[in-house]
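Close look at the chain arrangement
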Amino acid sequence: AAIGLSLDTLNRLQELAGQEARIAIEGAVAVIALVLFVIRERRARHPLVNIELLRNPAFVYANVGAMALGLALFGSTYLVPLFVQTALEFTAGLLMLPAGIVLGMTFPLAGRLADRLSARKLVIFGIVLFAMSAMLFAVSDIELAFGWLALWTVLGRIGIGFMLPALSTHGFSDCIEMGNQE
């Protein structure tokens, strides 16, 4: 209920005129539903979401990082093809294909590195690569060649490929250790 109402409320913010009361009520009900969910989960014998995991800072940071990664991945998967197809009039699928292949090749390497290296270093490396890719897109000119855009997309996907295994491995390993101590 909280997620559905939140999404509907956010969607209604696009056409605010005349809906202020409904948006306020839906937003308040969404917050109340979320609070009731948390209360129920804390009291449940077998909770759907173990709220106690949020006491582990590594788990919280891993989830915040995963949320940022999701926003980056899905945002760029939407915005880059939209920009390439509408503004530059290139074929978006052709641009994204090499990036997808490189992302698939990056995951095994990054997974092995996540077992050996600090998750923080891998995540920072991935963020830097993704940020470079985003900055290159931001300053790109409409006259830019297709190959450069494909290279920048590949660079961003390599960054994402380094972030995901590190976040997953680090966040879950700390939770497993926390569970074993109890």
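Rules used in this analysis
Residues numbered from 1 in each chain as written. Predicted model: local features only at pLDDT ≥ 70, side-chain atom pairs only at ≥ 80, totals over all residues. Heavy atoms only, no water. Helix = DSSP H or I, 4+ residues; strand = E, 2+ residues; numbered from the N terminus. Contact = heavy atoms within 4.5 Å. Salt bridge = Lys/Arg side-chain N within 4 Å of Asp/Glu carboxyl O. Axes fitted to C-alpha atoms, helices over the stretch in contact; angles between N-to-C directions. Parallel < 35°, antiparallel > 145°, perpendicular 65-115°, else oblique. Left-handed = near helix turned anticlockwise from the far one by under 90°. Nonpolar A, V, L, I, M, F, W, Y, C, P; charged D, E, K, R; others polar. Expected span 1.5 Å × (residues − 1). Bend = angle between axes of the 7 residues up to and from the residue. Buried < 20%, exposed > 50% of the residue type's maximum accessible area, 1.4 Å probe, protein only. Phe/Tyr/Trp six-rings, centres within 6.5 Å; stacked < 30°, edge-to-face > 60°. 1 Å grid on protein atoms, 1.4 Å probe; cavity = no way out; pocket = protein on both sides within 12 Å on 5 of 7 lines; lining within 4 Å. Points joined across faces, edges and corners; volume = space filled by probe spheres on them.

On to the side chain of glutamate 41. By secondary structure assignment, the location of glutamate 41 is in helix H2 (residues 20-43). Once residues within four sequence positions are removed from consideration, glutamate 41 is found in contact with Pro47, Leu48, Val49 and Ile51.

As a further point, take the pattern of salt bridges. Applying the stated criterion across every chain, the model contains six salt bridges. Here arginine 22 and glutamate 26 are joined by a salt bridge, their closest N and O atoms 3.6 Å apart. In this pair, arginine 22 and glutamate 26 both sit in helix H2, four residues apart, roughly one turn of the helix. Shared partners join several salt bridges into a network, and the residues in it are Asp8, Arg12, Arg22 and Glu26.

With that settled, the discussion passes to the packing of helix H3 (residues 57-86) against helix H4 (residues 92-116). Orientation of H3 relative to H4, taken along the N-to-C sense of each, is 140 degrees, at an axis distance of 8 Å. Between H3 and H4, the angle is such that the two are oblique. Taken as a pair, H3 and H4 cross one another with a handedness that is right-handed. On the side of H3, the interface is formed by Thr77, Val80, Pro81, Val84 and Gln85, while H4 contributes Ala92, Leu95 and Met96. Tallied by class, residues from the contact of H3 with H4 come to six nonpolar, two polar and no charged.

This part covers H3. For H3, with 30 residues, the first-to-last C-alpha span of 42 Å sits near the 44 Å given by 1.5 Å per residue. At serine 76, H3 is deflected by roughly 30 degrees, the largest bend along its length. Here H3 has its buried residues at Ala58, Phe59, Ala62, Gly65, Leu69, Gly70, Ala72, Ser76, Val80, Pro81 and Val84.

Turning our attention to the packing of aromatic side chains. Tallied over the entire structure, the rule returns three aromatic pairs. Here the aromatic rings of phenylalanine 90 and phenylalanine 146 are separated by 5.2 Å at their centres, their planes lie at 80 degrees, and the arrangement is edge-to-face. Of this pair, phenylalanine 90 sits in the loop between H3 and H4 while phenylalanine 146 sits in helix H6 (residues 146-181), placing them 56 residues apart in sequence. Under the relative-accessibility criterion, phenylalanine 90 is labelled partly exposed at 25%. For phenylalanine 146, a relative accessible area of 24% puts it in the partly exposed group. With 6.2 Å between their ring centres and 75 degrees between their planes, phenylalanine 137 and tryptophan 152 make a pair best called edge-to-face. Here the residue phenylalanine 137 occupies a position in helix H5 (residues 119-138), and tryptophan 152 occupies one in helix H6, the gap between them amounting to 15 residues.

Computed from the structure, the largest pocket encloses a volume of approximately 370 Å³. Tyr61, Ala62, Arg120, Val123 and Leu167 are the residues nearest the centre of the largest pocket, which is lined by 17 residues in total. Elements with a contribution of two residues or more to the lining of the largest pocket: H3, H5 and H6. Among the elements that make up the lining of the largest pocket, the one with the highest residue count is H3 (seven residues). By residue class, the composition of the lining of the largest pocket is 13 nonpolar, three polar and one charged. The volume enclosed by the second largest pocket comes to roughly 240 Å³. Lining the second largest pocket we find 13 residues, and of these Ile3, Leu34, Phe37, Val38 and Val49 sit closest to its centre. Those elements that place two or more of their residues in the lining of the second largest pocket are helix H1 (2-12) and H2. Considering each element in turn, the lining of the second largest pocket owes the most residues, four residues, to H2. Here the residues of the lining of the second largest pocket are counted per class, giving 12 nonpolar, one polar and no charged.

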